[in-house]
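# Fold and contact review
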Amino acid sequence: MKTKRQYLYNALLLTAVTLLMRTVSVSFNVYVSNRVGAEAMGLLSLVSGVYGFAVTLATSGIHLATVRTVSERLGQTHGAENRKCLCACLAYASFFGALSTVLLFTFAAPIGLRLLSDARTVRALRMLSFTLLPIALCSVMNGYFTAVRRAWKNALAQVAEQAIKITLTGYLLVIVAPKTVEGSLIAILLGGAVSESFSLILNLVLYQFDKRRFSGVVQQRGGGKVHVAKVAMPVAISAYMRSGLLTVEHILIPRGLKAFGHGNSAALAAYGSLHSMALPVVLYPAAILSSFAALLIPEMTEQQTKQNNQEIRYIAGRTYQLTLLFSVGVAGVMLCLSGELGETLYHSADVAYFIRRLAPLIPVMYLDTATDAMLKGLGQQVYSMNVNILDAFVSVIAVWILVPRLGINGYLITIYITELLNAALSVARLLRVTRYRPAVLRLVARPVACVVGATCLLRLAVAFLPRLLPAGGGRLAVHILFAALFYTALLFATGTLGKADFRWLFRSVFPPREKKEKSPPVSC
């Protein structure tokens, strides 16, 4: 019970912080997008495609390896080998972080001029190369704090990093950077680079305080070697392949849009509107689930070590229930309010169109995230990465065929194909491994019916009370609040969500205290 309570405390803390950070991030993204324009955001997405592969090489599966290695040794040695595990993980990350830095800096010019066909990306890639080593080392520290259930330290590092990034980027955009697309791009990237370095320093300081908790544990002689590469490399190799395919995809999309008939600026603007403006809005509510999903990895690993199959099925059932209840509601609200979201946030009909088209896919995307975390916790990371490689390969083929013929709608179709394929394969694997059998009617059909009713009630309320609602962002917030209240009420009315669910959550967070047995009186 103590473990469950600690898991939920950590999950709730990370959820609150992640939601706050995602809110700040999306708000800042809206500010930056409105200031620099869709073309600059498209150029940023183009650079991010190459940078994503460099980050994959720098981390090389080390986050998952750190979580699993420290979690397993923590259960066996009660923290005596934490330092040993951490040093091995840091050495692994240092090698790949330094290697990726040298490679990206050296090949920035050929990549920018020949692959991306835009000289403005060369300086940006060189600047980004210096962030790779701090990112690799931070990935180790984040994995360590996740494994030892010290969620608040990850939360503190995230808050500090985001605060520095926003402050410095805003200052550079307004005061320092030239008013050009390339100048805006450099300002955005420089703010991120400085914040990554600060985050690494803070993580190392936090670790110095955390390691005192295990100072009294005596390490046994002859402890086994820490095989970091054994866990990380299978994931890394698969990640290289997937990230490489995604990089090819990001390069093909603007080229396909140009072949469809768009000019260079128009192609970058369409790509930026979908990838850097609409997608962050669609994925924003996932912050509530992402923290729970991240903490599922050590939780599932611990239960698997204990061979507690019943508890694994219970966790899977609860995870699917909460994920689908939430994601179906989000999808309905996004679909209903897509016009208001696009107009209020970006003053763009194109962004509203993309949000409306992506909204029905939200339950699939969110469910796949939760499933992937559970599979990794159960040691199925190689299977997950193989599915992701297949996903990326199919995506490249679809982009190559569809985008030159259908334009940006071809990319939307590609997203649907790959997300459905990935989720179907991942869910099938989880059900097979855990032998969990979901009740489809309760998990899917009822929430869909409830969200349809909630959005209909929302439209009626808006029609009858138009003058009482504020304008702009206030109106949008009220609409979302009403939709959430209607949806929750209908979930209770249909029995989809009941008192037992809240009772489970309350007892998990506030478990009843165990009664101490009274010791018998001592006779003199």
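What you see is a predicted model, and the numbers here were worked out from it, not measured in a lab.

Definitions and cut-offs
Residues numbered from 1 in each chain as written. Predicted model: local features only at pLDDT ≥ 70, side-chain atom pairs only at ≥ 80, totals over all residues. Heavy atoms only, no water. Patch = residues over 30% accessible without salt bridge, like charges linked within 9 Å, V, L, I, M, F, W, Y side chains within 5 Å. Areas by Shrake-Rupley, 256 points an atom, 1.4 Å probe, with all protein chains shown as cover. Salt bridge = Lys/Arg side-chain N within 4 Å of Asp/Glu carboxyl O. Helix = DSSP H or I, 4+ residues; strand = E, 2+ residues; numbered from the N terminus. Axes fitted to C-alpha atoms, helices over the stretch in contact; angles between N-to-C directions. Parallel < 35°, antiparallel > 145°, perpendicular 65-115°, else oblique. Left-handed = near helix turned anticlockwise from the far one by under 90°. Contact = heavy atoms within 4.5 Å. Nonpolar A, V, L, I, M, F, W, Y, C, P; charged D, E, K, R; others polar. Buried < 20%, exposed > 50% of the residue type's maximum accessible area, 1.4 Å probe, protein only. Arc of directions from axis to C-beta.

This part covers a nonpolar patch on the surface. Judged by side-chain polarity, Tyr 31, Tyr 171, Val 174 and Ile 175 come together as a nonpolar surface patch covering roughly 380 Å² of accessible area. Top element by residues in the nonpolar patch is helix α8 (residues 151-176). It accounts for three residues. Along the chain, the position of Tyr 31 falls in helix α1 (residues 2-36).

On to the packing of helix α2 (residues 38-59) against helix α7 (residues 132-147), then. With their axes 9 Å apart at the nearest point, α2 and α7 run at an angle of 50° to one another. It follows from the interaxial angle that α2 and α7 lie oblique. The chirality of how α2 crosses α7 is right-handed. On α7, the residues touching Tyr 51, Ala 54, Val 55, Ala 58 and Thr 59 of α2 are Leu 132, Ile 135, Ala 136 and Ser 139. Its residues assigned to classes, the contact of α2 with α7 shows seven nonpolar, two polar and no charged.

Counting across every chain of the model gives three salt bridges. Here Lys 376 makes a salt bridge to Asp 372, at a shortest N to O gap of 3.3 Å. Here Asp 372 and Lys 376 lie together in helix α16 (residues 362-377), a separation of four residues that amounts to about one turn. Judged by relative accessible area, Asp 372 falls into the buried class, the value being 16%.

It is worth spelling out helix α5 (residues 108-115) at this point. Among all positions of α5, only Ala 108, Ile 111 and Gly 112 are buried. All buried residues of α5 lie within an arc of 90° about the axis, which places them on one face of the element. The exposed residues of α5 that point more than 90 degrees off its buried face are Leu 113 and Arg 114. The positive-phi residue at the C-terminal boundary of α5 is Ser 117, with phi of around 55°.

In the contact formed by α2 and helix α10 (residues 228-260), the axes pass within 9 Å of each other and the chain directions differ by 170°. What the angle tells us is that α2 and α10 run roughly antiparallel. Contact with α2, carried on its side by Ser 45, Leu 46, Gly 49, Val 50, Gly 52, Phe 53, Thr 56 and Leu 57, involves Ala 239, Tyr 240, Ser 243, Gly 244, Thr 247, His 250, Ile 251 and Pro 254 of α10 and no other residues of that element. Here the contact of α2 with α10 is composed, by residue class, of eight nonpolar, eight polar and no charged.

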